[in-house]
Amino acid sequence: MFVPERKFFYFLGGYMKGNLESLLNEIKAKIAEANSLENLTDVFNIYYAKKGKISELMQLMRNIPNEEKAEYGKEVNALKEEANLLLASKKQVLEQAALSQQLEQEKIDLTLPGKNYYTGGINPLFLIKDEIENIFIGMGYEIAEGPEIEADHFNFELLNIPADHPARDMQDSFYIDEKTLLRTHTSPVQARVMQEKKGQPIKIICPGKVFRRDDDDATHSHQFAQVEGLVIDKNINMANLKATLELFIRKMFGEKREIRLRSSYFPFTEPSVEVDVSCFECGGKGCSVCKGTGWIEILGAGMVHPNVLQMNGYNPEEYQGFAFGIGIERVAMLRYGIDDIRKFYTNDIRFLQQYVRIK
Ligand code: PHE
């Protein structure tokens, strides 16, 4: 067995001592050189990793004579500790530098204009539709619905407008085939609800889209919206119609408004009326809004024609009813002072944003 001479150990011990010092200097130099956290990690790895230089020193322990082991271990530990402190303080310096650099780069300029987020809003047409619905719901009406693609039968026939009736000219239509069309008014819902209620009293409104073959301009649109109203019961008369519309119009345009019924013609009502409201702009004196007349035409209405009652299952001797049709765009245009019906449908954000009201 090879037993090395003691002298050899002394020599090794002496050698190691010098070595420890130069290693510490080396580490110091490397730490001083490190100018980024990555560099510093590299330094750490070189000296502290499993096969790093400091671990190597510990492994040499077994070659140190026993009586010097404690001394040697102390010195290695002292080196380790000092290197640790140096690393930690350099780490702090570098972290601080990295943070200030980051802060510098991410500096927020509070004077820059912010980003605008537009969350959308409700089209003024729908604001008015909701308002109309609420007024009638308050009067005990139910909301009914009907299809936008409608049978000729419902759109015309059951409303007392047979195939060759001249009144069809009033409502030029988009036909899908000979018997189907885009409904030209919400009145077919009258017939649908009557058939559904089978002779029972009715009190409904029906808001919805309608379509007519029209050249679009400031007051015409091939698509627009109506609210149909229908009340059927025993002992219903024109006074009920007038009182209902008066209440609606005062809620919509102000308590001071008067209404005026002018005789008119619709094939499905008899008598038929056009309803005017006293001008809310000039109070009736005459201005540009009412075209000097003091009155603004607002809707069509009448007593349900006995033929319509009969065709849809109601006995006109027993039941009467009134019906009305309100153009929603017209009401919205008057309420908001909008001068072109096309604005409701062309999605101009500058126009729509004026009415944004998020619920
Ligand atoms: N449907 C008619 C139109 O669109 C309006 C109306 C409805 C008239 C109900 C009388 C009764 O012109």
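Here the residue numbering is sequential within each chain, running from 1 through the sequence in written order. Reporting in this predicted model follows two pLDDT cut-offs: at least 70 for local features of residues, and 80 or more for side-chain atom pairs to be given and counted; totals over whole chains, interfaces and linings ignore these cut-offs and use all residues. Computation of side-chain values covers all heavy atoms of the structure but excludes hydrogens and water.

1. Observations concerning the confidence of the model for the protein
Consideration 1: One confidence number per residue, pLDDT, is output by the predictor and ranges from 0 to 100. In this model, the protein carries a mean pLDDT of 89, and residues with pLDDT of at least 70 account for 94%.
Consideration 2: Counting contacts from residues 1-13, a segment whose pLDDT is below 50, to residues more than four positions away or on other chains yields nine contacts. Only heavy atoms enter the contact rule, under which two residues are in contact if any of them lie within 4.5 Å.

2. Describing the sheet that holds strand β10 (residues 320-327)
Consideration 1: In spatial order, the strands read β1-β5-β6-β10-β9-β8-β7; together these seven strands make up an open sheet with mixed pairing. With one partner strand each, in any of the chains shown, β1 (142-143) and β7 (259-266) form the two edges of the open sheet.
Consideration 2: DSSP calls a pair of strands paired once it identifies at least 2 bridges connecting them. For the purposes of this entry, the term helix denotes a DSSP run of H or I that reaches at least four residues, the term strand denotes a run of E that reaches at least two, and both are numbered from the N terminus. Relative to strand β5 (residues 202-211), β1 runs parallel, the two being bridged by two bridges. Bridge assignment links Glu142 to a residue of β5, and that residue is Ile204.
Consideration 3: Where helix α5 (residues 124-138) meets the sheet, it contacts β1, β5, β6 (223-233) and β10, and its direction lies at approximately 170° from that of β5. Axis geometry follows a simple rule: fit a line to the C-alpha atoms, using only the stretch in contact for helices, then measure angles between N-to-C directions, giving values from 0 to 180 degrees.

3. What about the site of the ligand?
Consideration 1: As a structural note, the neighbourhood of the ligand is formed by 15 residues, with His185, Ser187, Arg212, Gln226 and Glu228 the closest of them.
Consideration 2: Contact between the ligand and His185: a nitrogen atom at 2.9 Å from a side-chain N or O atom of the residue.
Consideration 3: Polar contact criterion, stated in full: a pair of N or O atoms within 3.5 Å, where within protein one must be able to donate a hydrogen and the other to accept it, and residues adjacent in sequence count only if both atoms are side-chain atoms. One nitrogen or oxygen atom from the side chain of Ser187 is found 2.9 Å from a nitrogen atom belonging to the ligand.
Consideration 4: Protein chains shield 92% of the accessible area of the ligand, which is 320 Å² for the free molecule.
Consideration 5: The residue classification treats Ala, Val, Leu, Ile, Met, Phe, Trp, Tyr, Cys and Pro as nonpolar and Asp, Glu, Lys and Arg as charged. All others, Gly included, are polar. By residue class, the composition of the shell around the ligand is five nonpolar, eight polar and two charged. Whether a residue is near a molecule or strand depends on its heavy atoms: if one lies within 4 Å, it is near. Each accessible area is a Shrake-Rupley estimate made with a 1.4 Å probe; only the visible protein chains count as cover when residues are assessed.

4. A word on the sheet that holds strand β4 (residues 180-182)
Consideration 1: Spatial ordering of the open sheet is given by β2-β4-β3, a layout of three strands whose pairing is antiparallel. Since the sheet does not close on itself, it has two edges, and those belong to β2 (149-151) and β3 (175-177), each with one partner. Strand after strand, the sheet turns through a mean of 35° between neighbouring axes, direction not considered.
Consideration 2: Where β3 meets β4, two bridges bridge the pair, whose relative direction is antiparallel.

5. With respect to the packing of aromatic side chains
Consideration 1: Each aromatic pair joins two rings of Phe, Tyr and Trp (for Trp, the six-membered one) with centres within 6.5 Å, and gets the label stacked for planes under 30 degrees apart, edge-to-face for over 60, and tilted for any other angle. Scanning the model with the defined rule gives 11 aromatic pairs in all.
Consideration 2: A ring pair is formed by Phe44 and Tyr48, whose centres lie 4.7 Å apart and whose planes are at 5°; its orientation type is stacked. One end of the pair, Phe44, and the other, Tyr48, are both in helix α2 (residues 37-48), four residues apart, so they sit about a helical turn from each other.
Consideration 3: Each ring, one from Tyr336 and one from Tyr355, has its centre 4.9 Å from the other, and the planes form 55°; the classification is tilted. A residue pair is termed long-range when its members are at least 10 positions apart, and Tyr336 in helix α10 (residues 328-336) and Tyr355 in the segment after α11 (349-352) qualify at 19 residues.
Consideration 4: Ring pairs connect the aromatic residues Phe136, Tyr141, Phe248, Phe322 and Phe324, which therefore count as one cluster.
Consideration 5: For a Lys NZ or an Arg CZ to count as sitting over a ring, it must be within 6 Å of the ring centre and within 35 degrees of the ring normal. One residue, Arg192, lies across the ring of Phe154, its end atom 4.1 Å from the ring centre.
Consideration 6: One residue, Arg335, lies across the ring of Tyr336, its end atom 5.9 Å from the ring centre.

6. Quick notes on the packing of α5 against helix α8 (residues 238-253)
Consideration 1: Interhelical geometry of α5 versus α8 gives an angle of 135° and a closest axis separation of 10 Å. For the element pair α5 / α8, the angle class is oblique. Two packed elements cross with a definite hand, and for α5 against α8 that hand is right-handed. On α8, the residues touching Ile128, Glu131, Ile132, Ile135 and Phe136 of α5 are Thr244, Phe248, Lys251 and Met252.
Consideration 2: A per-class count over the contact of α5 with α8 returns six nonpolar, one polar and two charged. Oblique is the label for any angle not under 35 degrees, not over 145, and not in the 65 to 115 range, which are roughly parallel, roughly antiparallel and roughly perpendicular in turn. When the near helix sits turned anticlockwise from the far one by under a right angle, the crossing is termed left-handed; a clockwise turn instead gives a right-handed crossing.

7. Points about a nonpolar patch on the surface
Consideration 1: Like charges within 9 Å and nonpolar side chains (Val, Leu, Ile, Met, Phe, Trp, Tyr) within 5 Å are joined into patches, using only residues over 30% in relative accessible area that form no salt bridge. Any Lys or Arg side-chain nitrogen found within 4 Å of a carboxyl oxygen on Asp or Glu counts as a salt bridge. There is a patch of nonpolar side chains on the surface, built from Tyr118, Ile349 and Val356 and spanning about 240 Å² of accessible area.
Consideration 2: With respect to the helices and strands, the residue Ile349 is situated in helix α11.
Consideration 3: Owing to a relative accessible area of 41%, Ile349 belongs among the partly exposed residues under this scheme. Using a 1.4 Å probe on the protein chains alone, a residue whose accessible area is under 20% of its type maximum counts as buried, one over 50% counts as exposed, and one in between counts as partly exposed.

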